[in-house]
Each structure stands twice: as C-alpha cells, then as structure tokens.
Amino acid sequence: MMTFAAVLLAVITTPGLALLAYLIGMTGEVVHISSLLKDRKTPIAEYQCSRRRRDIQRLTAAFQAICASIGLAIVWSASDLGETRFFAFVCITTLIIHASITMPFFPWGSRLRLGIYILVTIFLILHDIQVADGMDPGLGFDLAAISLFSLMAVMLMVSRYKSFHAAQLAKRHLLQEKLEAEEARDRLIRSQNLTKQLALVARNASDIVIITETDGTISWVNDTFIHSTGYSEKDILGQHIKMLNGPETDPAVIQKLIQARKEGEGVRTEILNYDKNGQTKWYEINISPVYDDMGILINFVSIERDIHALKQREADLAEARETAEETARAKTAFLATMSHEIRTPMNGIIGVTDLLLESDLNPDQRHLTETISDAGGALLGIINNTLDLTRLEAGKAELEQHNFSVRQVALKTTELLKPIANGKQIGLNIHIAEDVPDVITGDPGRFRQVLMNLIGNAIKFTSDGQVDCEIFGPEAPDAPEISVVIHDTGIGIAENKLSAIFEEFTQADSSVSRRFGGTGLGLSISQKLAHAMGGRISVASTIGKGSAFTLTLPARLPSGNEPLLATQPGNSSLKGKSVLIADDNKTNRFILSRLLRDTGMDLDFATDGFEVIDSFHKNKPDLILMDVSMPGKDGLEATREIRKFEEQNRYLAVPIYALTANAFSSHQIDCTSAGMNGFLTKPVKKDVLVGTLTKIFSDSTGNPAIS
C-alpha cells in the first residue's frame, strides 16, 4: 500500500518528495515487522508471560506510527496551495482503518498508532488554519471531505470491531458448546464403561449382590445369588426380600432390617436364610442405601457373604470344647476318685508305720518298718505331684500371700534333707548372702516345695562330692529379685537334653529312672510353680561334672504390718479338749485314736453324718474332725445341718475341720461353702495333726480362721 501511494505521490508531486516520504514510512514498517517476525515461533503461553517482549512490540508499533506520520506530514505540506492535503488525509485514513483492523489482535499497539495518527491529523489541520489566517474555501472543502471520509472510516472501524467481537463471541460460544458436548459425551462414555464394569464385577462377584427397591422388592441379583439359593431370575425378580426368610430366622434380625429400610439407613448383621429347597444357610449381610443427586432414596444394595461353613466350624469348635471340658471334668473326677481311694489305704499304711516306729522295735524290725515308711512316703509324693500337676495345668494353683523369712524356710528345708545327704555320704551346705531381704511377701509353702524338689534332685543325682545352696539378694534396686543357685557334683546333663528335663514324666536319660528312680515330675512342677510365682528356673550343666539350677523369684517386700508367718505352731496344751472324729473307715479311726492318744484329749467317734449330728446334740465338742465321704449323710450335709442349728439357736460355732482323702481345691471350696473352718488331707502325719490341733486351740477366740 505504501509503495503504491509513493508511486502516485511521485506522479502528483516530485519523485524526490515521494521517495523521502516512502523511505521514512518504510523504516518504521521494517522495524515493527522485524520485532513481530522475531516472536512468531514463540509459544503463546511464553509470550503472554513475557512482559518485556510485549513492551518491545508496543514501542516498535509506536515507532512505525511516528515514521508514517512524518511521511504523511511531508506529503500534507508538499504544496502551499494544499493540493496534496486530501491525498495525505486519505493515506492517514487508510492507516487508521488498518490500525482498527489489527485492534482485536494487537490492542495496545493499535491504540498507540490510532492515537498518534489522530494527534498528527489534528495538528496538521490546526497548522493549516493558523497559516491561512482563517478558513478559506479550499481548506473548508478539504475539511468537509476529510470529516465525511473520517465518519465513514469511524463507522467502518466500529462496524468491523463489533463484527469481529460478535464473531469471536459466537466462536467462543460454539467452542464452549462443543467442549461441553465433548465433556458430556466423555462423561457418558465413562459412565457407561463404569456401569458395564460395575455390572460385570457385581455379576461375577464371589459374594451375593441384591438390589432392592425402597419397599424391599428385588430388582436385580447376581449369578452368585442364583448359584447359592437355587432361585432363577424369573423366580426372584419382583418378589419381596422377605421370601428368603423362614421359621428359624431370628425375628429380632428381621425387625432390625425393616427398621433400617424405613429410616433409609445402612445395616450390617448376620441372618439365617432359606434357599429354594428349604435348606438353611447363614449369611453376613451389609445393606447400604443408594441416593440420587437430589438426595432421594432410590434403592438398597445388599452384599451377602456365605458364612455357613464358618458357623458350622464354630458349632463344631463349641462341641469340641464342650467335649474337652467334659473330658477334663471326667479326668478330674477320675483323679479325685483315685486320689481318695489310694489315700484311704495309704493313711492306714503310713499311720501304722508311724505308730510302729514309736514302739520298741529290734533293729531288724525297725529297718523293715522304715522301709515301709519310705515306700509309703514315695508313693504319697507321686500322688501329690500328680495332683499338683493337674492343678497347674488347669491354671487353678492357689498361691498364698504371707510375709515369711527366706532364711528360715531355706535353713529348715536343708535341715530336713541333711539326713538324706549324710546317708549318701555327701555334703549339703547353704550360704545366704547378707543382702537377702529378711522378710518378703509370697507363698512360703510353694517356695519350700520348689526348694525341696531342686535340692532333693541334686542330692539324688550326686554320688560323690557335695551339694551347695546359695541365696543372693537383688542385683539392682529397680529389679528386686532373689536368686537361689543349687550346685551339685553329680552326673550332669547333656546339653541337648537340658530343655527336655522340665517336661512332664521326662528324664535326661532313660537309664536314669532305673538307676535313681523318680517319675520326672519334680522339675516340671517346680518350673510351673516358679512361673506361677512370677519367677523362672534355668539350668547349666556339664556331663560328669555336675549341674547348677538357678531359681529366680520376685522379692516383694511387705507393704503393711502383717506379722511374720510362723514356721511352727505354738505349743498350747490339748489336754481335756473334746474332739469328735467322724470317719466311716475302721482303720482310720484306729490310727487317729492311737496318734492322738498321748495328747490327753477326750476323743469321740462317729461313722456317718447321722451319728455326728446325734453326738453333737448330746455333748457339744470343742472340735469336730469331719470326713467328707461317708455313707448315708456325708460330712458336707452334716456340717450344713450343724451350722443351721447353731444359727437358729445363736450358739457359738464349733470349729469343724475336714479330714479327708479328697485333695482337690474344688473339694476344699465345697468344704468351705458348707461351713467348715479348715481342711486336712489324708494321710496325715502325727506331727502335722498335733501341730494343727495345737494351733486351732491356741486361738483365744476358739474359732480360728480358715487355713
């Protein structure tokens, strides 16, 4: 356009003037176009983020407009008569139209150019008016033509701008609608694909899937439901969900499901349903409500898992547990019966041997009697160990909590075992460290039992040398424990047998039981007792050199002013005390009469519960030793009747102690519940019996606490 205008200008004026205007105008064009070409490959996002590049293009646009305006000013003033004025204005109008065309694409640059063109035009017109000293006809004609042409240019520019914006807006709307349509189509495709996938998953799921209407009508089921229940889709669709229930279905569960459906809430529970053939099955069901976009409840989805096999296993386990408990009860009953039946004759054997040993015997007779006593004691030890093991396995080992002296218990235990060690011509030594607490709280009887087992074992398996018992106090204040280490110089234990020696009825070597005897229960019971008391037993051994057993127990210090448990009862006189002894066994009555003959007590005997009641009413005794198992009326019934009579007549309660061959803790509980004050187990040694009676009568109240 500029080249064509320059050629026309050269024809109208002079070639030199046209060339000058052309060169000036083209300089601005070249500079501006160069800046545009430089950024033509720049991404739009990068261009929009670069303010420097936009500022450079705006400056080059202004420079282009200034150069074009200079060229037009040269053309405008090329003739003093103003013949070129209209030509220059046409060129300016053309540039203004060009700037308006580029306005939508290059707003800031186009505005700069339009502003410069308008200012230059106004300046040139005002300059001509000033130079002409007024409005001459030629200038007026030019201004009128310029105004008309400017109006056309403005109308064209405005129309063009509106058309462009309308087209852009229409394109945007069309593009937006297209994008929305594409998004809607994509959503529809995704929804269809998701629906297909969910339907595929639900239909092939291993769990039952049921979709119901809000009223419980079944609208869809998967294949697992059909396989599990035997119903076909034709049978089940349109039916109410309650058709799966039956007579054995829990009404509370049905009501729970109905309530959840009414309230539009989810629910999880277990239910017994019926299949098409009327067979029952257990299901774990999880029902969830389904709401639409408006929050309206439209469906319920039920996921059901077949747990019939699990329920069957639970029933089988319950039955097996009941069978095991019944077996355990039978075992306990058997052991109790066997214990009672064995202890009854054992009471006679041990009692008679004790009486024989108190008589004048020649050496040969004493040796034979002592042999019987030792054998009886060994047999009684086996019975006691078996009962202890049964209690420990059942978790019913009862531990007492008393303040006692570790030193006294340990010294008396070794004192009892020294004769055995002396008989084998081995030494038995004990050393108690000074840091061992004087008094601790625990079960002195169980502590003595474990100590007796460990030291007795060491003596049994030692033929030469000695057995040393060392007791140490706590190693650290924050770990209050006492340690009992028992060293021996015996046969030792192989390393691969160390873990087995604590098992029941197990010894390190099968030949051991033949050489040394024993059942293999002592260490097992000792280990279990140590654990029950919160401690442990460890062992280290070398074949042929001996073993070292370490018993570690918590050293709980006394928390109050409980007195120290006496190791021996007091020696109160028994002379003149009346004692009623109830026992249906003639041998037992004979032995008890002989054991207590030297005490000076008045003894009376009864053979069953009826005789006990009759004797009690005739002559109230100071103490009753009551056998539990007696014909007719047993000891428990007799005790209850006596306690009831005492309560009704407000009599002081007579001390009643069980003297029975029943040694289980359950028997002790029965005796206590019946109203007895204590429990003695047959066979009973004379010193234990006399000591217990002395302790009973030493109580000033005459009604001692239950022991």
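Coordinates for the structure precede this section.
Reading guide: rules and limits
- Residues numbered from 1 in each chain as written.
- Predicted model: local features only at pLDDT ≥ 70, side-chain atom pairs only at ≥ 80, totals over all residues.
- Heavy atoms only, no water.
- Helix = DSSP H or I, 4+ residues; strand = E, 2+ residues; numbered from the N terminus.
- Buried < 20%, exposed > 50% of the residue type's maximum accessible area, 1.4 Å probe, protein only.
- Contact = heavy atoms within 4.5 Å.
- Areas by Shrake-Rupley, 256 points an atom, 1.4 Å probe, with all protein chains shown as cover.
- Pairing = 2+ DSSP bridges.
- Axes fitted to C-alpha atoms, helices over the stretch in contact; angles between N-to-C directions.
- Polar contact = N/O pair within 3.5 Å; in protein donor to acceptor, adjacent residues only side chain to side chain.
- Expected span 1.5 Å × (residues − 1).
- Arc of directions from axis to C-beta.

J.: Teacher, can you tell me more about the overall build of the protein chain here?
T.: Across its full length, the protein chain carries 21 helices and 17 strands. By residue count, 39% of the 707 residues in the protein chain fall in the buried class. The contacts of the protein chain with a sequence gap of at least 6 include a subset with a gap of at least 24, amounting to 63%. Carbon and sulfur atoms form 58% of the exposed surface of the protein chain, whose accessible area is close to 39800 Å².

J.: Quick question: what am I supposed to make of the sheet that holds strand β4 (residues 280-291) here?
T.: Sheet strands pair via backbone hydrogen bonds, and the direction of the pair is either parallel or antiparallel. Strand order across the open sheet formed by 5 strands is β2-β1-β5-β4-β3, with antiparallel pairing between neighbours. Unpaired on one side and paired on the other, β2 (218-221) and β3 (267-274) mark the two borders of the sheet. Within this sheet the neighbouring strands show an average axis-to-axis angle of 30°, counted without direction. Where strand β1 (residues 208-212) and strand β5 (residues 297-306) come together, 5 bridges link them in antiparallel fashion. Across the sheet, isoleucine 210 pairs through a bridge with serine 302, a residue of β5. Contacts from helix α10 (residues 251-263) reach β3, β4 and β5, with the element oriented near 130° to β3.

J.: Just checking my understanding: could you explain the sheet that holds strand β15 (residues 623-626) for this structure?
T.: The 5 strands are arranged β14-β13-β15-β16-β17 in an open sheet whose pairing can be described as parallel. Two strands close off the open sheet at either side, each with one partner strand: β14 (602-606) and β17 (678-681). The average angle at which neighbouring strand axes cross in this sheet is 20°, direction not considered. As judged from the 4 bridges shared by strand β16 (residues 656-660) and β17, these two strands associate in the parallel manner.

J.: Is there a simple way to think about the environment of glutamate 270 in this case?
T.: Structurally, glutamate 270 can be placed in strand β3. On a C-alpha basis, the gap between glutamate 270 and glutamate 304 in space is 9.2 Å, while along the polypeptide they are 34 residues apart. Contacts of glutamate 270, omitting those with residues within four sequence positions, involve Val253, Trp282, Tyr283, Glu284, Ile307 and Lys311. Within the structure, the side chain of glutamate 270 is placed 2.9 Å from the side chain of lysine 311, a separation counted as a polar contact.

J.: Looking at this model, I keep getting lost on the side chain of aspartate 608. Mind explaining?
T.: In this fold, aspartate 608 is placed in the loop between β14 and α18 (609-618). Separated by 3.1 Å, the side chain of aspartate 608 and the backbone nitrogen of phenylalanine 610 make a polar contact. Among the polar contacts listed, one links the side chain of aspartate 608 to the backbone nitrogen of glutamate 611, at a separation of 2.9 Å. Residues within four places of aspartate 608 in sequence aside, it is in contact with Met630, Pro631 and Lys633.

J.: What should I look at first to understand the environment of alanine 530 in this one?
T.: Tracing the backbone shows alanine 530 in helix α16 (residues 522-532). Remark: the alpha-carbon pair of alanine 530 and proline 554, spanning 24 residues in sequence, is separated by 10.0 Å. Ignoring any residue separated from it by four or fewer positions in sequence, one finds alanine 530 in contact with Gly535, Arg536, Ile537, Leu551 and Leu553.

J.: Just to check I follow, could you spell out unusual backbone geometry for this structure?
T.: As a rule of thumb, non-glycine residues mostly have phi less than zero, and peptide bonds are mostly trans rather than cis. Even without glycine at this site, glutamine 425 takes up a positive phi of about 60°. Summarising the element assignment, glutamine 425 is placed in the loop between α13 (406-423) and β7 (427-432). One non-glycine residue, arginine 650, lies in positive phi territory at about 55°. Structurally, arginine 650 is set in the loop between α19 (635-649) and β16.

J.: What should I look at first to understand α10 in this one?
T.: Every α-helical turn comprises 3.6 residues, leaving residues that sit three or four positions apart pointing alike. Compared with the 18 Å implied by 1.5 Å per residue over 13 residues, the 18 Å span of α10 between its first and last C-alpha is a close match. Regarding α10, the residues found buried are Val253, Leu257 and Ala260. The buried side chains of α10 occupy one side of the element, clustering within an arc of 65° when seen end-on. Looking at α10, the residues exposed on the side facing more than 90 degrees away from the buried face are Pro251, Ala252 and Lys262. The elements touched by buried residues of α10 are β3, β4 and β5. Where α10 begins, one side-chain oxygen reaches toward the backbone nitrogen of alanine 252, 3.0 Å away; that side chain belongs to aspartate 250.

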